[in-house]
Amino acid sequence: MTTKKYHCPECVEPLKSVHQSSSSMLNSEQFDAGRAGDYYCDKCKGTRAATGFRYFWEDRLRIQDCSKCGGAGDPCDGPKCIDGTVTVYLSPPYPKTPELDKLKEAKERLDTEAVGQFLDWLGEEGVSLCRAPSDEERKEIGDSFGISLKSLEEIIPIFVPAQGFGSVESLLYRYAEVDRKKVDAEKDSILKFTRECQP
Ligand SMILES: [Zn+2]
Ligand SMILES: [Zn+2]
């Protein structure tokens with residue numbers, strides 16, 4: 001079922017539309033998740049699908065007037081001109097990466113690499129990050145030992161592990177005020193973009 005007649009931007013053969021065969025074991029959602037495009041050319045080689053064909057997404061295919069003959073009058077003999085039009089395949093837009101940009105900026109501004117090395121060194125020296133407990137935690141710790149922490153604290157200062165800071169890496173993300181989950185999602189979108197750019 002083709003509404004528009006696209007031709008392969010490479011070899012000018014008519015593109016075939018991708019449709020699920022009735023014998024497919026996949027449900028339509030699985031099929032959509034695994035598909036490599038809306039159209040394909042079985043004359044051109046591609047790397048994104050097991051078929052080895054070249055795939056195209058409809059939203060990036062454009063039928064344009066041929067720049068030589070302009071689509072009016074006699075079509076020219078240009079290698080990609082079909083009745084005065086050419087099919088072009090637009091590049092996918094490069095994903096926006098605000099959080100990665102923020103991370104890059106923070107790396108330069110805060111020299112997080114040097115800070116990270118210092119924190120690693122502290123760890124190797126047996127130095128752990130600790131903080132003073134809150135009043136509530138003080139009471140909890142005291143209760144668990146059956147003592148009043150106030151009197152104990154007069155002899156030894158009490159600290160609790162700085163949990164919530166986690167690894168050096170997650171500490172640095174926090175220091176730089178960069179959301180790690182967003183960074184990971186943006187890295188995924190770049191990976192997807194790179195895959196999409198392959199023929
Ligand atoms: Zn082709
Ligand atoms: Zn032309």
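The rules behind these values
Residues numbered from 1 in each chain as written. Chains lettered and ligands numbered in written order. Predicted model: local features only at pLDDT ≥ 70, side-chain atom pairs only at ≥ 80, totals over all residues. Domains from an automatic or database assignment. Buried ≥ 20, exposed ≤ 12 C-beta atoms within 10 Å, placed from the backbone. Helix = DSSP H or I, 4+ residues; strand = E, 2+ residues; numbered from the N terminus. Expected span 1.5 Å × (residues − 1). Core = buried A, V, L, I, M, F, W, Y, C linked by C-beta atoms within 7 Å. Contact = placed C-beta atoms within 7 Å.

### Overview of the domain arrangement of the chain
Part 1 of the reasoning: What the domain assignment lists for the chain is domain 1 (16–89) and domain 2 (98–197).
Part 2 of the reasoning: On a C-alpha basis, the centres of domain 1 and domain 2 stand 50 Å from each other.

### Some thoughts on helix α4 (residues 135–145)
Part 1 of the reasoning: Burial within α4 is sparse, with just 0 of its 11 residues counted as buried.
Part 2 of the reasoning: One or two steps after α4, the chain reaches Gly146, where phi turns positive at roughly 70 degrees.

### A closer look at helix α3 (residues 112–124)
Note on helix geometry: an α-helix contains 3.6 residues per turn, so any two residues three or four positions apart are oriented the same way.
Part 1 of the reasoning: Between its terminal C-alpha atoms α3 stretches 18 Å, which fits the 18 Å expected from 13 residues at 1.5 Å a residue.
Part 2 of the reasoning: Positive backbone phi, at 80 degrees, marks Gly126, one or two positions downstream of α3.

### Concerning the environment of Gly142
Part 1 of the reasoning: Within the secondary structure layout, Gly142 lies in helix α4.
Part 2 of the reasoning: Taking the C-beta count within 10 Å as the criterion, Gly142 has 18 such neighbours and is therefore assigned partly exposed.

### Comments concerning the nonpolar core
Part 1 of the reasoning: Counting 9 residues, the largest nonpolar core is built from Tyr6, Cys8, Leu15, Ala36, Tyr39, Tyr40, Cys41, Tyr55 and Phe56.
Part 2 of the reasoning: Elements with a minimum of two residues in this core: β2 (39–45) and β3 (53–56).
Part 3 of the reasoning: Counting residues per element, this core draws most heavily on β2, at 3 residues.
Part 4 of the reasoning: In contact with Ala36, other than residues within four places in its own chain, are Arg48, Ala49 and Tyr55.

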